[in-house]
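Report on the structure
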Amino acid sequence: MIYDETILRKITNFSALQYSPERICFLIGLTGQESDQLLMDIQTPDTEPNRAYRRGIAVGDYNIDASLMKASEAGDVMAESTLRERQDKRKIEDLKRELFGL
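We now turn to the structure provided with this report. (Residues numbered from 1 in each chain as written. Predicted model: local features only at pLDDT ≥ 70, side-chain atom pairs only at ≥ 80, totals over all residues. Heavy atoms only, no water.)

What to know about the side chain of Ser35
Considering the arrangement of structural elements, one finds Ser35 in helix H3 (residues 32–43). Sequence-distant contacts of Ser35, that is, excluding residues within four places in its chain, are made with Cys25 and Leu30. (Helix = DSSP H or I, 4+ residues; strand = E, 2+ residues; numbered from the N terminus. Contact = heavy atoms within 4.5 Å.)

Some points on helix H2 (residues 21–28)
What H2 keeps buried is the set Pro21, Ile24, Cys25 and Ile28. When H2 is viewed along its axis, its buried side chains cluster within an angular range of 100° and face the same direction. Turning to H2, the residues buried within the fold contact helix H1 (5–16), H3 and helix H4 (48–73). Gly29 sits one or two positions beyond H2 and adopts a positive phi of about 100°. (Buried < 20%, exposed > 50% of the residue type's maximum accessible area, 1.4 Å probe, protein only. Arc of directions from axis to C-beta.)

Side note on the pattern of salt bridges
The tally for this structure, following the rule as stated, stands at seven salt bridges. Here Arg86 and Asp65 are joined by a salt bridge, their closest N and O atoms 2.6 Å apart. Of this pair, Arg86 sits in helix H5 (residues 77–100) while Asp65 is found in helix H4, placing the two residues 21 residues apart along the sequence. According to the relative accessible area criterion, Arg86 is partly exposed, its value standing at 21%. Overall, the relative accessible area of 14% leaves Asp65 in the buried class. With a shortest N-O distance of 2.7 Å, Glu80 and Arg84 are connected by a salt bridge. With Glu80 and Arg84 both in helix H5, this residue pair falls four residues apart, about one helical turn. One network of salt bridges, with partners in common, ties together Asp61, Asp65, Arg86 and Arg90. (Salt bridge = Lys/Arg side-chain N within 4 Å of Asp/Glu carboxyl O.)

Here it is, written out as structure tokens:
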């Protein structure tokens, strides 16, 4: 399936909001074989939909972390704690991906 820039942008934007691939297909309006194909492509490394989905997840994480950082700098202790937990979790996830391809 060929994906135009509009579809790829929607995949990125929806995944930035932490939407599941299934929900993204629904929001884009795909059904049946088109939906199945996009779901498979999102899960297949080095496809355009996979890159768009991962880029969206990264952008969403960045936006959350940036907001937490601003709140932390303003003295919000809970925001600082949450940011550190997110950073630690990301380090673990990155190591799992690097070492085991998960």
